[in-house]
Amino acid sequence: MPRGRYSLHDPHDHTLLAEEHFHCAPGPSGWRYVSQLTTPSGDRAGSVDLAVDDLGRPIRLELHAAGWQVRGAALDGVTWVRTDPTGTQATEGNVRAHAFTGTSPAFLIATARLLRLTPSASATRVRLVAFTDPVLAPRTLDQSWALISRETHATDNGPLAVDEYQVTALDTGEQHAVHISGDVVLAAPGIELEHLESPPSVLT
């Protein structure tokens, strides 16, 4: 069960936004990721609880940030309920999309697991619903994912397989690289792996 800490930065000016303390593990029905976020000063900033099935589809999502809460799952596309800090106004949404995304590294792992790309495959288009900070506002976006390379690196704990993806935002054409090993993001825009207590799980 990988357990560790990511630092989340503004991808443009590299300002530290939060730290995400996480643990994740494959299970009999898929994969689950749980994390707590703290501000640079150490205050609680929210949480992420994401479970996906064997095919990578989100079977449960729960996000908390700035008093806001989102609960969602794959249902007729993806469906979610977003609740305001006072709890008096809950709004429901549904989009014909494949999955969810957001600032947490969990979503990169889940999308890679959903697409199951091979290095020889062409780029694959995916529609996602992003929940943007700080109020978890939903936004539908389209991305293109391609697996550029798959390399194995020698480490003290044995060989480490690393996948490099090229992710393209189809609305702007902006491209960036994402490096993933098993169920851990090694590097991505705005994401740095600061500490890892055990090797990544091998996801099949």
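As the structure is a computational prediction, the values presented were derived from the model and not from experiment.

## Comments concerning the overall build of the chain
Inference 1: If you tally the helices and strands in the chain, you get 1 helix and 15 strands.
Inference 2: Here the C-alpha atoms of the chain give a radius of gyration of 16 Å, agreeing with the 17 Å that 2.2 N^0.38 yields for 204 residues.
Inference 3: Along the first, second and third principal axes, the C-alpha atoms of the chain reach 55 × 40 × 40 Å.
Inference 4: Burial status across the chain gives 44% buried among its 204 residues.

## Side note on the packing of aromatic side chains
Inference 1: Within this structure, the stated rule accounts for 6 aromatic pairs.
Inference 2: Judged by centre distance (5.3 Å) and plane angle (65°), the ring pair of Trp145 and Tyr165 falls under edge-to-face. Placement of the pair is Trp145 in strand S11 (residues 137-155) and Tyr165 in strand S12 (residues 158-169), with a sequence separation of 20 residues. Tyr165 carries the same exposure label as Trp145, and that label is buried.
Inference 3: Ring pairing ties together the aromatic residues Tyr6, Phe22, Trp31 and Tyr33, which thus form one cluster.

## Topic: the pairing of strand S7 (residues 78-83)
Inference 1: When you tally the buried positions in S7, you get 5 out of 6 residues, the bulk of the element.
Inference 2: With 6 bridges connecting them, strand S6 (residues 68-74) and S7 associate as antiparallel partners. Across the sheet, residue Ala74 finds its bridge partner in S7, namely Val78.
Inference 3: Hairpin connection from S6 to S7: 3 residues lie between these consecutive antiparallel strands, with Asp76 at a positive phi of about 55°.
Inference 4: In this structure, S7 lies alongside strand S8 (residues 90-95), joined through 6 bridges in antiparallel fashion. Its bridge partner lying in S8, Arg82 is registered against Thr91.
Inference 5: Between S7 and S8, which pair antiparallel in sequence order, lie 6 residues; one of them, Gly87, sits at a positive phi of approximately 75°.

## Looking at the environment of Leu193
Inference 1: Of note, Leu193 is situated in strand S15 (residues 191-196).
Inference 2: By relative accessible area, Leu193 is classed as partly exposed at 23%.
Inference 3: Taking the C-alpha atoms as reference, Leu193 lies 18 Å from His12; in sequence the two are 181 residues apart.
Inference 4: If we ignore the near neighbours within four places in the chain, the residues touching Leu193 are Arg5, Tyr6, Phe22, Val184, Val185 and Leu186.

## Overview of the nonpolar core
Inference 1: With 48 residues, the main nonpolar core has Phe131, Trp145 and Tyr165 as its most contacted residues.
Inference 2: For this core, the element with the most residues is helix H1 (residues 105-115), which contributes 8 residues.
Inference 3: Ignoring anything within four residues of it in the chain, the contact list for Tyr165 reads Ala112, Leu117, Trp145, Ala146, Leu147, Ile148, His176, Ala177, Val178 and Ile180.

## As for the side chain of Thr168
Inference 1: Positionally, Thr168 belongs in strand S12.
Inference 2: Of the polar contacts made by the side chain of Thr168, one reaches the side chain of Gln175; its length is 3.3 Å.
Inference 3: For Thr168, the residues in contact, after removing those within four places along its chain, are Asp142, Gln143, Ser144, Gly173, Glu174 and Gln175.

## What about empty space enclosed by the protein?
Inference 1: Per the counting criterion, the structure on display carries 1 cavity of 30 Å³ or more.
Inference 2: Looking at the largest cavity, its volume works out to about 30 Å³.
Inference 3: Residue lining of the largest cavity: Leu50, Val52, Gly56, Pro58, Ala99, Phe100, Phe107 and Ala110, and that is the complete set.
Inference 4: Of all the secondary structure elements, the ones that give two or more residues to the lining of the largest cavity are strand S4 (44-53), strand S9 (99-101) and H1.

## What to know about the layout of surface pockets
Inference 1: By volume, the largest pocket amounts to about 1,300 Å³.
Inference 2: Broken down by element, the residue count for the lining of the largest pocket peaks at 5 residues, all from S11.
Inference 3: When the residues that make up the lining of the largest pocket are grouped by side-chain class, the tally is 24 nonpolar, 16 polar and 7 charged.
Inference 4: The computed volume of the second largest pocket comes to approximately 630 Å³.
Inference 5: Along the walls of the second largest pocket sit 27 residues, with Ala161, Ser181, Gly182, Ser201 and Leu203 positioned nearest its centre.
Inference 6: For the lining of the second largest pocket, the secondary-structure elements that each account for two or more residues are H1, S11, S12 and strand S13 (175-181).
Inference 7: For the lining of the second largest pocket, the leading source of residues is S12, giving 6 residues.
Inference 8: Residue composition of the lining of the second largest pocket, by class: 14 nonpolar, 8 polar and 5 charged.

Calculation notes
- Residues numbered from 1 in each chain as written.
- Predicted model: local features only at pLDDT ≥ 70, side-chain atom pairs only at ≥ 80, totals over all residues.
- Heavy atoms only, no water.
- Helix = DSSP H or I, 4+ residues; strand = E, 2+ residues; numbered from the N terminus.
- Rg over C-alpha atoms; globule rule 2.2 N^0.38 Å.
- Buried < 20%, exposed > 50% of the residue type's maximum accessible area, 1.4 Å probe, protein only.
- Phe/Tyr/Trp six-rings, centres within 6.5 Å; stacked < 30°, edge-to-face > 60°.
- Pairing = 2+ DSSP bridges.
- Contact = heavy atoms within 4.5 Å.
- Core = buried A, V, L, I, M, F, W, Y, C linked by side-chain atoms within 4.5 Å.
- Polar contact = N/O pair within 3.5 Å; in protein donor to acceptor, adjacent residues only side chain to side chain.
- 1 Å grid on protein atoms, 1.4 Å probe; cavity = no way out; pocket = protein on both sides within 12 Å on 5 of 7 lines; lining within 4 Å.
- Points joined across faces, edges and corners; volume = space filled by probe spheres on them.
- Nonpolar A, V, L, I, M, F, W, Y, C, P; charged D, E, K, R; others polar.

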